[in-house]
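# Inside the fold
One letter stands for each residue in the lines below.
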Amino acid sequence: MEDQTFDYESLAFTKLSHSQWTDYFLSVPIDDSELDVLTREIDTLKPEVREILSSQGEDETSMRKVLLIQLLLSLGLAFHFHNEINDILEHVFRRIDDITGDEKDLSTISIMFHVFRTYGYNVSSDIFKRFTGDDGKFEQSLKGDAKGILSLYEAAHLGTTTDYILEEALRFTSSHLKSLLAGGACRRHFLRLIRNTLYLPQRWNMEAVIAREYISFYEQEEDHDKMLLKLAKLSFKSLQLHYIKELKTFIKWWMELDLTSKWPSQFRERIVEAWLAGLMMYYEPQFSDGRVIAAKFNYLLTILDDACDHYFSIPELTRLVDCVERWSPDGVDTLEGISRIVFKLMLDVFDDIETGVRSKGSSYHLREMLDELKTLVRANLDLVKWARGIQVPSFEEHVEVGGIALTTYATLMYSFVGMGETVGKEAYAWVRARPRLIKSLAAKGRLMDDMTDFEECLVTKEEAILDCQRMIWDINKTINEELLKTSDMPRRVLKQAHNFGRLLELLYTKSDDIYNCRDGKLKEYMIVSFRCTDTNDKADRRCHNPTICK
């Protein structure tokens, strides 16, 4: 393998071919006993955090707890304290007006708003009126509070269609944060946080990336809590070991398929990318099997998309649709060439995943996903007919079928498969009913995927991106609104819908197509996700990723 050089600051390292990515992760050594050591150390520290979260006190204590929750979210630790956080927020929300009534600190109010909206509590955006003048503009004196400005910028991304004050907040904070970057007066680690946030705020960023970047930021804060920092590093190191094990499992499965030599050159071998898309849907350790399932589905859907775009004739695709509808292994013998290989891959993926879900007593997941796969292949047949001028769809048909073919619904559903009994049949029925939240996510995906078409139609790429960003901003407000209003679904199901919105931002922000371009942000996401946290503890003395960390 050729020498690879990594520069974390500039993220300008030599290109890895796909075989090098897969070879690299297969070669990383993993010792299960290290996970056991990390788990014991994490379990030793967690009671200290629980003690803080359970402490009794006046309004100031309640406010400090909510601020701590935001810190736990940023450090990637909130999942350890799910029950405690829910109890705190339920209690504090009852008295939110009294607790925040006299508070004048911009950062504190912004964080309070951010946390409650994140967990589905509809705190009124009127809470920010204390920082505006009679003209509705934010007071210029706030510009001296860089931390508060950044917190307000983050909070503004949780606005709904009626939160007009947050529109002004976004204009006010965006302008000032860009000025801070240009001026360079803030400390370097704070400027990096501003730069990362302007690229993608926490609301729409990948949780693993948020955690790893914030650990680096928090360590350089003079008033950081050493215990929390240590816990964050240990927890993230544990996650990294899970991630490497998952990649090894998925890559070995892919290699055993031995399909590479059978695909035409137009087909994409997106192996690490398929797993990374699963990480975007959930990052917690309990969903380790789910990420492997997601990776397999992503790989299958990528192959199906390529076959429809570059290979299948309409008769061939029609025969494949018929085989998928019947869903019998005997159907393999009725197909030829690539369609035969694609259908065999479908059967293999479902058989492989079925073994796991049946053992956990949740086989209904596979029935639901098979129904969605049938819908998906039918939608691809419709799109191929439209693209070749055989049929002309109505606008409504284009939106609905486009949402299916973009795998909006399939992506949500396969994330349910990986969650076992946490998610019931009603979640699948909810997606199929196409409520406003699901339709908005599909529209967002269609818009972001079509961004290159906007660039061709408009005068300049810059104008196209600005136009697209305005439309996506409006859709995001609707998504935020529906996440607050939807009361008939568990919060975890709604979080999966939110995470799909995140996935779209990560894959297509600023017209970058991360999934299909191995340069740029993909390399950054991989480095951030796998770079060591340097805990200097016994459990972390051996780096598992020397190529990435050097």
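The rules behind the values
Residues numbered from 1 in each chain as written. Predicted model: local features only at pLDDT ≥ 70, side-chain atom pairs only at ≥ 80, totals over all residues. Heavy atoms only, no water. UniProt positions renumbered as here; feature names shortened; annotations may be inferred. Helix = DSSP H or I, 4+ residues; strand = E, 2+ residues; numbered from the N terminus. Buried < 20%, exposed > 50% of the residue type's maximum accessible area, 1.4 Å probe, protein only. Contact = heavy atoms within 4.5 Å. Areas by Shrake-Rupley, 256 points an atom, 1.4 Å probe, with all protein chains shown as cover. Axes fitted to C-alpha atoms, helices over the stretch in contact; angles between N-to-C directions. Left-handed = near helix turned anticlockwise from the far one by under 90°. Nonpolar A, V, L, I, M, F, W, Y, C, P; charged D, E, K, R; others polar. Polar contact = N/O pair within 3.5 Å; in protein donor to acceptor, adjacent residues only side chain to side chain. Core = buried A, V, L, I, M, F, W, Y, C linked by side-chain atoms within 4.5 Å.

Where an unreviewed UniProt entry is consulted, the chain appears under the name (Z)-gamma-bisabolene synthase 1 isoform X3, with the organism given as Camelina sativa. Check the Sequence similarities (unreviewed entry) section of the UniProt entry for the chain; it says "Belongs to the terpene synthase family. Tpsa subfamily."

### A few points about the overall build of the chain
Regarding its fold elements, the chain presents 25 helices and zero strands. Split into buried and exposed, the 550 residues of the chain put 60% on the buried side. Excluding contacts between residues fewer than 6 apart, the proportion of contacts in the chain whose partners are at least 24 apart in sequence is 74%. Accessible surface, the chain: about 23600 Å² in total, of which carbon and sulfur atoms supply 49%.

### Some thoughts on the packing of helix H10 (residues 207-219) against helix H11 (residues 226-257)
Contact geometry of H10 with H11 gives a least axis separation of 11 Å together with a crossing angle of 145°. At the point where H10 passes H11, the crossing takes the left-handed sense. Side by side, H10 and H11 meet where Ala-208, Ala-211, Arg-212, Ile-215, Tyr-218 and Glu-219 of the first sit next to Leu-228, Leu-229, Ala-232, Lys-233, Phe-236 and Tyr-243 of the second. Class assignment for the residues of the contact of H10 with H11 results in nine nonpolar, no polar and three charged.

### Overview of the side chain of Glu-284
Along the chain, Glu-284 falls in the loop between helix H12 (271-281) and helix H13 (288-310). A polar contact of 3.5 Å, which involves the side chain of Glu-284, links it to the side chain of Lys-495. Not counting chain neighbours up to four residues away, the residues in contact with Glu-284 comprise Phe-79, Leu-239, Arg-291, Arg-492 and Lys-495.

### A few points about the nonpolar core
Ranked by internal contacts, the top residues of the largest apolar core, which has 187 residues, are Phe-128, Tyr-299 and Met-346. Here this core takes 17 residues from H11, the largest share from any one element. Setting aside residues up to four positions removed in sequence, Met-346 forms contacts with Leu-300, Leu-304, Leu-320, Val-324, Trp-327, Leu-373 and Val-377.

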